[in-house]
Structures are given as C-alpha cells and as structure tokens.
Amino acid sequence: DRDHGYNEYSLIGAKKAAEKAGIAFEYIVTTTRDDYDKNIRTLVEKGADLIFTIGFTQADATEKAARRYPDRHFAILDFAYSPGMGCPETVADCYTPEGGLDNVTSIVFKEDQPAFLGGVLAACMSESQTIGIIAGEKIPPVTRLVYGFENGARSINEGIDIKIEYIENFNDPDQGYKVARSFFKKGVDVLFCPAGKTGLGGLRAAAEFNVKALGVDVDQYLTVPEARKVLITSVMKNVDVAAGTIVQKYAAGSLKAGINAFDLKSHGVGLAPFHDWEDRIPQACRMSVARANKKVFLEPSISLPDE
C-alpha cells in the first residue's frame, strides 16, 4: 500500500535512523481513521517509548495518547498544536506541563517556499500560460503548497490562468486522472498534484498525454518511474530527513517538546533535480528560479496570502 511519497518516505527515514541508533523499530499501517487510537495504544502496550504519527488526521488521537501516557514521547509530522485544543494562550504553552503536551514534538515544513519556486518554474515553462493544480483535502500543508505554487506562478505572469481543484480524498487516483484529463482539455500544459495517491492519478494522465508535471513531497522521478518523461522537478518536503532527525535526537537524549520547523535554509524543503529535463530547462527559467530562491530566503513568508 505504498504512496510513493509522503508516508512511505517518512517511514523510511525513521526506520533507517532507528536501525543506525540500534533502536527497535515497529510500525502499523492504518487503513481507517477509526483505528488511530487503537493502533497507538497497541504500540504503547508493546513498550514503544517514542511513537511517531503522520499528519493532521492523527492529531486528536496523538493528543489524547500524549495526555494518557505522559511517560512516553510522541512526534507528529506535519501538525502543530495551538490554543483552543486544550492548551493555554499561546502555541508554546501547548508544549508545557500546564498545556499537557510536554511529551510531544511537532514537525512542520515551510512547504510554501519550495512550492513558490515550483510555481515560478511552471509559469516559465508553460507555453499556453495555463497551468493546473490537483490538490487533496483543504488542510494547512496542502493549502500552503497551493498558495505557494500559485503565487510563484503569478510572480512570473500575474495574468496566468491557474486551474485549481481540491479533491477531498487522498486515496482516489482515478479521480485525479479524471480531473487531470479535464484540465488538459482546458489548455493546461503544466500540472502540479499535491494530493497523495489521488495525485498519482494526475501524474499518470500527464505521462499518458505528454503534459509537463511537477512531483510533490519527495523526488517523484525516483518513486513514480512511469511519469519520469514529464516530470520537470518535484516540490520536496524532505520528510525522510525530518523523521530521521527526530529519531536521532531521541536516541541522543536531546529531543525536546515543541515545534521543529524545516525550511529552505535548513534544507528541509526544496526542489528536486531536473533529471531528464536538465538540458531542456531554458537558462531564463533557471535564473527566474534562482532569483525567487534568493527572494524567499530574504522574505521567508513571501508566498503566503495576505491574512
């Protein structure tokens, strides 16, 4: 049940770090959200001292377990707790004894930053000046990817036509394929699919109809070989690096409660190599990405919408 990206590489990173540190490692693949509480409890009962959970859908189960088992440490990827979730006035307060989550580490990514760079490249490479985004559920990591990509593209051409469709299911590649087909009929010639397995359907369609695409989360040139010929790059969250870093810190006794943020400066996010497109990306597009990269470094929240 591989997703060729986010979950798979988080698992790989944590497992490698655990093996290197000589820590016993075990994992459970959850098929339904109703099983989160049960599966976390199973790991605790098996003696796990560090329990790693993935994504916002596991936030409630992780919080409950952290309060129930204060002698265990929990790490949750792509989610940060905030006031209103049972903790005091500020985000930092959540990760204190008073906030009840002083045994929780949150790992978050500034995914809007590499998405901005991806949008710049997409707009530069689009001949029709019509690009498409197939997105998953409207959760913060996905909307940050969408906003970053959209704003990066508009920094190149303010009037570019951007087709966006959210699909409230990360596990529907057939729907991703269907939406991609509809986009292509509307002139989309560069496609971005931050939608999990649903996005794989979009990449399948892009490969079938020879439409340029950008991967997401990991270097999908390596994980989705059937789409290699159309993948100009991937907007990466180095989830394997992040997961491995957390396990390493835990093994060294230096893992602390709170938020660990990974961004361009820490190399926690970025664009993948161009691979087969190395000699086909115009110098002007490379320079546009380089300038955008420098701008994001100077203004790290440049791609976010006005609040």
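Shown above is the structure to which this text applies.
Nothing here was measured: the structure is a model prediction, and the numbers come from that model.

## Remarks on a nonpolar patch on the surface
Link 1 in the chain: A cluster of nonpolar side chains, Phe-25, Tyr-27 and Val-29, forms an exposed patch at the surface whose accessible area comes to about 280 Å².
Link 2 in the chain: Counting through the fold element by element, Tyr-27 comes out in the loop between α1 (6-21) and α2 (36-45).
Link 3 in the chain: Judged by its relative accessible area of 44%, Tyr-27 is partly exposed.

## Observations regarding helix α5 (residues 112-125)
Side chains three or four residues apart in an α-helix point the same way, a direct result of the helix having 3.6 residues per turn.
Link 1 in the chain: For α5, which comprises 14 residues, the first-to-last C-alpha distance of 20 Å matches the rise-based estimate of 20 Å (1.5 Å per residue) to within 8%.
Link 2 in the chain: Of all 14 residues that make up α5, 13 are buried, and the element is covered over most of its length.

## A word on the environment of Ser-234
Link 1 in the chain: When you line up the elements, Ser-234 lands in strand β8 (residues 231-237).
Link 2 in the chain: Distance in space between the C-alpha atoms of Ser-234 and Gly-215 is 4.0 Å, their sequence separation being 19 residues.
Link 3 in the chain: Beyond its immediate stretch of four places on either side in the chain, Ser-234 contacts Gly-215, Val-216, Val-218, Asp-219, Gln-220, Tyr-221, Gly-270, Leu-271 and Ala-272.
Link 4 in the chain: In terms of polar contacts, Ser-234 uses its side chain to reach the backbone carbonyl oxygen of Val-218, at 3.5 Å.
Link 5 in the chain: Polar side-chain contacts of Ser-234 include one of 3.1 Å to the backbone nitrogen of Gln-220.

## A few points about unusual backbone geometry
Link 1 in the chain: Of note in the backbone geometry, Asp-78 takes a positive phi value of approximately 70° without being a glycine.
Link 2 in the chain: Checked against the element boundaries, Asp-78 lands in the loop between β2 (73-77) and α4 (91-94).
Link 3 in the chain: Of the residues examined, Asp-78 reaches a relative accessible area of 6% and is grouped as buried.
Link 4 in the chain: Even without a glycine there, the phi angle at His-275 is positive, about 50°.
Link 5 in the chain: Relative to the assigned elements, His-275 resides in the loop between β10 (269-271) and α11 (283-298).

## Remarks on the pattern of salt bridges
Link 1 in the chain: Scanning the model with the defined rule gives 13 salt bridges in all.
Link 2 in the chain: A salt bridge links Arg-33 to Glu-137, with the shortest nitrogen-to-oxygen separation between them at 2.9 Å. Of the two residues, Arg-33 is situated in the loop between α1 and α2 and Glu-137 in the loop between β4 (130-135) and α6 (140-156); the sequence distance between them amounts to 104 residues.
Link 3 in the chain: Look at Glu-137 and you get buried, because its relative accessible area is 13%.
Link 4 in the chain: Through salt bridges with shared partners, a single network forms among Asp-78, Glu-111, Arg-144, Asp-217 and Lys-237.

## Digging into the state of the cysteines
Link 1 in the chain: Taken as a whole and assessed by the stated rule, the structure comprises one disulfide.
Link 2 in the chain: Disulfide partner of Cys-124: Cys-285, at an S-S distance of 2.0 Å. Taking the sign of the S-S torsion, -85° for the link of Cys-124 and Cys-285, the bridge is left-handed. Of this pair, Cys-124 sits in helix α5 while Cys-285 sits in helix α11, and the two are 161 residues apart along the sequence.
Link 3 in the chain: Exposure remark for Cys-124: the relative accessible area of 26% places this residue in the partly exposed category.
Link 4 in the chain: Its relative accessible area of 2% is what places Cys-285 among the buried residues.
Link 5 in the chain: With no disulfide of its own, Cys-193 lies closest to Cys-285 among cysteine sulfurs, the gap being 20 Å.

## Thoughts on the environment of Phe-184
Link 1 in the chain: If you trace the backbone, Phe-184 turns up in helix α7 (residues 173-185).
Link 2 in the chain: On the basis of relative accessible area, Phe-184 is assigned to the buried category, the value being 15%.
Link 3 in the chain: For the pair Phe-184 and Val-241, spaced 57 residues apart in the sequence, the C-alpha separation amounts to 35 Å.
Link 4 in the chain: Setting aside residues up to four positions removed in sequence, Phe-184 forms contacts with Leu-191, Ala-205, Ala-206, Phe-209 and Val-211.

## Describing the sheet that holds β10
Link 1 in the chain: Pairing is mixed across the open sheet formed by six strands, whose spatial order is β5-β4-β6-β7-β8-β10. Each having just a single partner strand, β5 (161-166) and β10 make up the two edges of the open sheet. Pairwise comparison of adjacent strand axes, ignoring direction, gives a mean angle of 15° for this sheet.
Link 2 in the chain: Note that strand β7 (residues 212-217) and β8 share five bridges and pair parallel. From the neighbouring strand, Leu-214 faces β8, where its bridge partner is Thr-233.
Link 3 in the chain: Relative to the sheet, α7 contacts β4, β5 and β6 (190-192), its axis offset from that of β4 by approximately 165°.

Reading the values: the criteria
- Residues numbered from 1 in each chain as written.
- Predicted model: local features only at pLDDT ≥ 70, side-chain atom pairs only at ≥ 80, totals over all residues.
- Heavy atoms only, no water.
- Patch = residues over 30% accessible without salt bridge, like charges linked within 9 Å, V, L, I, M, F, W, Y side chains within 5 Å.
- Areas by Shrake-Rupley, 256 points an atom, 1.4 Å probe, with all protein chains shown as cover.
- Salt bridge = Lys/Arg side-chain N within 4 Å of Asp/Glu carboxyl O.
- Helix = DSSP H or I, 4+ residues; strand = E, 2+ residues; numbered from the N terminus.
- Buried < 20%, exposed > 50% of the residue type's maximum accessible area, 1.4 Å probe, protein only.
- Expected span 1.5 Å × (residues − 1).
- Contact = heavy atoms within 4.5 Å.
- Polar contact = N/O pair within 3.5 Å; in protein donor to acceptor, adjacent residues only side chain to side chain.
- Disulfide = S-S within 2.5 Å.
- Pairing = 2+ DSSP bridges.
- Axes fitted to C-alpha atoms, helices over the stretch in contact; angles between N-to-C directions.

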